[in-house]
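Residue-level listing of the chains:
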Amino acid sequence: MSQTPEFDRVLIKLSGEALMGNQGFGITPEMINYVAHEIAKVYQANVQISLVVGGGNIFRGVAGSSAGMDRTSADNMGMLATVINSLALCDALEKLDVPTRVQSAIPMDRIAEPFIRRKAIRHLEKGRVVIFAAGTGNPYFTTDTAAVLRAHETKAQILFKATQVDGVYDKDPNAHSDAVKFDELSYMNVIERQLHVMDMTAISLAMEHDLPLQVLDLHQEDNILNAVLGQKLGTRIYNN
């Protein structure tokens, strides 16, 4: 396998749940350090990196809404949870000498820059990792949609979704032993089969703007780096 990256600029979407390790809630130092080291490997390959982190390890807007909370209030809390995760990841990356900036879709200038598209691209061009926090800044939109949106805005060549599973299956592999993993899919396949890759808003936006998506296992060491180098792992999704 070539050590030359297949991509010059990528966006990596991380699930908030990945940061809680085995404790079931919050952030474990071991996991945040592991994630930072995995991203640092990609940075050292001279790839421009932006990140979007979920907030499900702290608060899920949908869960809060289903428990009787107003959906807008619940989603606002979920967006703030992503800011906490983004600041933690920024700190961990800076400790590895990876220059990092956090840009928030909700203004909070004491702790993060506001999201400004041109400034974000300039950070990337200067070799800084950019973490996009607070989702889109609007309720009713997931961090998956935010990741696709930011990938388009910053002209990322691909979106990597580093998650808890090693790809996309035709059904839940944890519940069905005969579940089949896909190596490749088209966006239309995802929509027609109702596969749970991302929410349909995110999938539709990625399909409309021809953004490739690769789903891979975050917990397998070097997976993100190997995917950036062009190794076929996980599931690649794109337009036919």
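Given the structure is predicted, the values throughout are model-derived calculations rather than measurements.

Draft legend 1. Looking closely at the nonpolar core. Core analysis: the largest hydrophobic core is formed by 43 residues, its most contacted members being L14, L51 and L89. For this core, the elements supplying multiple residues, two or more each, are β1 (9-14), α1 (29-44), β2 (48-53), α3 (71-95), β5 (129-133), β6 (158-163) and α8 (223-228). A total of 8 residues in this core trace back to one element, the largest contributor, which is α1. Dropping the residues within four chain positions of it, L14 is found in contact with V35, I39, L51, V52, V53, G54, L89, A162 and L218. Of all hydrophobic cores here, the second largest spans 27 residues; its members include A120, A147, V197 and M198.

Draft legend 2. Structural context of the packing of α1 against α3. One way to put it is that α1 packs onto α3 with a least axis distance of 9 Å and a crossing angle of 60°. With respect to α3, the element α1 is oriented oblique. When you trace α1 past α3, the crossing you get is right-handed. In contact with I32, N33, V35, A36, I39 and A40 of α1, α3 contributes A88, L89, A92 and L93. For the contact of α1 with α3, the residue count by class is 9 nonpolar, 1 polar and no charged.

Draft legend 3. Focus on the side chain of S104. As for its placement among the helices and strands, S104 is situated in strand β3 (residues 100-104). At 2.6 Å, the side chain of S104 and the backbone oxygen of I106 are in polar contact. Residues contacting S104, with those up to four places away along its chain left out, are V83, A112, E113, P114, F115, A133 and A134.

Draft legend 4. Highlighting the layout of surface pockets. Approximately 1,000 Å³ is the volume found for the largest pocket. Considering the residues around the largest pocket, the lining is formed by 43 residues, among which R60, D144, K161, V197 and M198 are closest to the centre. Mapped onto the lining of the largest pocket, the elements with two or more residues apiece are α2 (61-66), α3, α5 (143-153), β6 and β7 (168-169). Here the lining of the largest pocket takes 5 residues from α3, the largest share from any one element. Along the lines of polarity and charge, the residues of the lining of the largest pocket split into 14 nonpolar, 18 polar and 11 charged.

Reading the values: rules and limits
Residues numbered from 1 in each chain as written. Predicted model: local features only at pLDDT ≥ 70, side-chain atom pairs only at ≥ 80, totals over all residues. Heavy atoms only, no water. Core = buried A, V, L, I, M, F, W, Y, C linked by side-chain atoms within 4.5 Å. Buried < 20%, exposed > 50% of the residue type's maximum accessible area, 1.4 Å probe, protein only. Helix = DSSP H or I, 4+ residues; strand = E, 2+ residues; numbered from the N terminus. Contact = heavy atoms within 4.5 Å. Axes fitted to C-alpha atoms, helices over the stretch in contact; angles between N-to-C directions. Parallel < 35°, antiparallel > 145°, perpendicular 65-115°, else oblique. Left-handed = near helix turned anticlockwise from the far one by under 90°. Nonpolar A, V, L, I, M, F, W, Y, C, P; charged D, E, K, R; others polar. Polar contact = N/O pair within 3.5 Å; in protein donor to acceptor, adjacent residues only side chain to side chain. 1 Å grid on protein atoms, 1.4 Å probe; cavity = no way out; pocket = protein on both sides within 12 Å on 5 of 7 lines; lining within 4 Å. Points joined across faces, edges and corners; volume = space filled by probe spheres on them.

Shape is all these values report; function is a separate question.
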